[in-house]
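# Fold and contact review
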Amino acid sequence: MPGNRSGLSIGLLTLVVLCGASETARAQVPSRIVSTSPSTTEVLFALGLGSRVVGVSTYCRYPEATTSLPKVGTFLRPSTELIARLRPDLAIVSQGANDVPRQLSLLGIRSVTIEEARSLDSVRSMIREIGRATGSAERADALVSDIQARLDRVRASVRGGPRTRVLVVVGRSPGSLTDLVVVGRGSYLSDLVGVAGGVNVLDDPALPSYPRISMETVIRLDPDVIVDAGDMGDTVAEHVRRQSVTEGLWRRQASVAAARRGAVHAVTSDAFVVPGPRVVEAAETLAAWLRDAGRR
């Protein structure tokens, strides 16, 4: 009957279109990916795409598998030539990487530009953006949900406790406590201090996200806890070696409550300086440090 033939034709056409779309989607899923930043690399591995990553940035150190992968430069200065040699079908480039996306396009290499995460919300957005670019949107949504659930558990574990005043240092002159770069409002580390039950002593809307301060300002702020990620070095072994040096510098600052009470923590984990899936690890560690300070 004509009506049945028409319905059958439409059904077959729909099936063909859907199959074609599926094939196109599979063709767009990258099998060789180059990452130009530690945050992006950690997201790719957390999404289960580590086996597809064929090149990473100079500073990618986590997970361990990244240390043996070819390096393509820093996140602000990746090398187009080194990326091209790896024959990727997707390069994930950080915003601010100059002319690299255009150069890759001229070579026929697909790239996407990702803005580095600056807040906890932007960490979630970055994960979802990488998920879309790699055909892994559902995995990205699941990862974001898992991170949120775990952060909620950290919040719940510190609810009702004392609001410890925290200073987070992310930069300074090597071997000294001068030219301090610290965490202000609007950064993901400031957000994590709040998740862990603390109060950022520089949560001031009039300040930039990463202001520079002097030791005189630290003495005036007099934080209960100091977290120092300002001089970690480039390797895990260097992180550990510099931990005692950093904490020794702060112990001499008797005018600062955190130093007097032994509540200065030199960071040895990249989780604090790489905004990505390991923000939960950083939050859990912060919460433990703040609880310990409350018992002193």
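Shown above is the structure to which this text applies.
Residues numbered from 1 in each chain as written. Predicted model: local features only at pLDDT ≥ 70, side-chain atom pairs only at ≥ 80, totals over all residues. Heavy atoms only, no water.

Glancing now at the overall build of the chain. In terms of regular secondary structure, the chain is built from 11 helices and 10 strands. Considering the chain as a whole, with its 296 residues, one finds that 47% of them fall into the buried category. Sequence separation of 24 or more characterises 59% of the internal contacts of the chain that already satisfy a separation of 6 or more. (Helix = DSSP H or I, 4+ residues; strand = E, 2+ residues; numbered from the N terminus. Buried < 20%, exposed > 50% of the residue type's maximum accessible area, 1.4 Å probe, protein only. Contact = heavy atoms within 4.5 Å.)

As a further point, take the packing of aromatic side chains. For the coordinates displayed, the defined rule picks out 1 aromatic pair. Between Phe272 and Trp289, the ring centres sit 5.6 Å apart and the planes meet at 15 degrees, which makes this aromatic pair stacked. Placement of the pair is Phe272 in the loop between β10 (264-266) and α11 (279-294) and Trp289 in helix α11, with a sequence separation of 17 residues. With a relative accessible area of 5%, Phe272 lands in the buried category. You can call Trp289 buried: its relative accessible area is 18%. Sitting over the ring of Tyr62, Arg278 keeps its end group 3.7 Å from the ring centre. (Phe/Tyr/Trp six-rings, centres within 6.5 Å; stacked < 30°, edge-to-face > 60°. Lys NZ or Arg CZ within 6 Å of the ring centre and 35° of its normal.)

Our next topic: the packing of helix α2 (residues 38-46) against helix α5 (residues 120-133). Axis separation between α2 and α5 bottoms out at 10 Å; the angle between their running directions is 65 degrees. Considering the relative orientation of α2 and α5, their crossing is right-handed. Residues Ser39, Thr40, Val43 and Leu44 of α2 lie in contact with α5, whose contacting residues are Met126, Ile127 and Ile130. For the contact of α2 with α5, the class distribution of residues is 5 nonpolar, 2 polar and no charged. (Axes fitted to C-alpha atoms, helices over the stretch in contact; angles between N-to-C directions. Left-handed = near helix turned anticlockwise from the far one by under 90°. Nonpolar A, V, L, I, M, F, W, Y, C, P; charged D, E, K, R; others polar.)

Once that is clear, we can look at unusual backbone geometry. Geometrically, the link from Tyr62 to Pro63 is a cis peptide bond, its omega value of -5 degrees lying close to zero. Relative to the assigned elements, Pro63 resides in the loop between β2 (53-55) and α3 (80-85). Unusually for a residue other than glycine, Asp179 sits at a positive phi of about 50 degrees. Mapped onto the elements of the fold, Asp179 is located in the loop between β5 (164-171) and β6 (180-182). A relative accessible area of 43% means that Asp179 is categorised as partly exposed.

Within the largest apolar cluster, 70 residues are counted, with the highest numbers of intra-cluster contacts made by Leu167, Leu192, Val218, Ile226 and Val227. No other element matches the 9 residues that α11 contributes to this core. With residues near it in sequence (within four places) discarded, Ile226 still touches Leu167, Val169, Val218, Trp250, Val256, Ala258, Ala263, Val264 and His265. Counting 10 residues, the second-largest nonpolar core is a separate cluster that includes Val34, Ala91, Leu104 and Ile109. (Core = buried A, V, L, I, M, F, W, Y, C linked by side-chain atoms within 4.5 Å.)

The next thing to look at is the layout of surface pockets. Estimates place the volume of the largest pocket at around 950 Å³. If you trace the largest pocket, you find 31 residues lining it, with Phe75, Glu116, Val273, Val274 and Pro275 closest to the centre. Among the secondary structure elements, those contributing two or more residues to the lining of the largest pocket are α2, β5, α7 (188-195) and α9 (236-251). Here the lining of the largest pocket is built from residues that sort into 16 nonpolar, 7 polar and 8 charged. (1 Å grid on protein atoms, 1.4 Å probe; cavity = no way out; pocket = protein on both sides within 12 Å on 5 of 7 lines; lining within 4 Å. Points joined across faces, edges and corners; volume = space filled by probe spheres on them.)

With that settled, the discussion passes to the pattern of salt bridges. When charged atoms on two side chains of opposite charge get close, those side chains can pair. Within this structure, the stated rule accounts for 12 salt bridges. When the shortest N-O distance is used, the salt bridge between Arg172 and Asp228 registers 3.0 Å. With Arg172 in the loop between β5 and β6 and Asp228 in strand β9 (residues 225-228), this residue pair connects regions lying 56 residues apart in the sequence. For Arg172, a relative accessible area of 9% translates into the label buried. Its relative accessible area of 2% is what places Asp228 among the buried residues. (Salt bridge = Lys/Arg side-chain N within 4 Å of Asp/Glu carboxyl O.)

Turning to the side chain of Thr41, a few remarks are in order. Inspection of the secondary structure assignment puts Thr41 in helix α2. For Thr41, the residues in contact, after removing those within four places along its chain, are Ser35, Val56, Cys60, Tyr62 and Thr66.

Bringing the packing of α5 against helix α6 (residues 137-158) into the picture now. The contact between α5 and α6 brings their axes to 7 Å, and the two run at 160 degrees. The angle between the axes of α5 and α6 places the two elements in the roughly antiparallel class. The way α5 lies across α6 gives a crossing that is right-handed. On α6, the residues that touch Leu120, Arg124, Ile127, Arg128, Gly131 and Arg132 of α5 are Ala137, Ala140, Asp141, Leu143, Val144, Ile147, Gln148 and Leu151. When grouped by side-chain class, the residues that make up the contact of α5 with α6 number 8 nonpolar, 2 polar and 4 charged. (Parallel < 35°, antiparallel > 145°, perpendicular 65-115°, else oblique.)

Before going further, it helps to examine the environment of Ser79. Of note, Ser79 is situated in the loop between β2 and α3. Between the C-alpha atoms of Ser79 and Val100, which are 21 residues apart in sequence, the distance is 7.7 Å.

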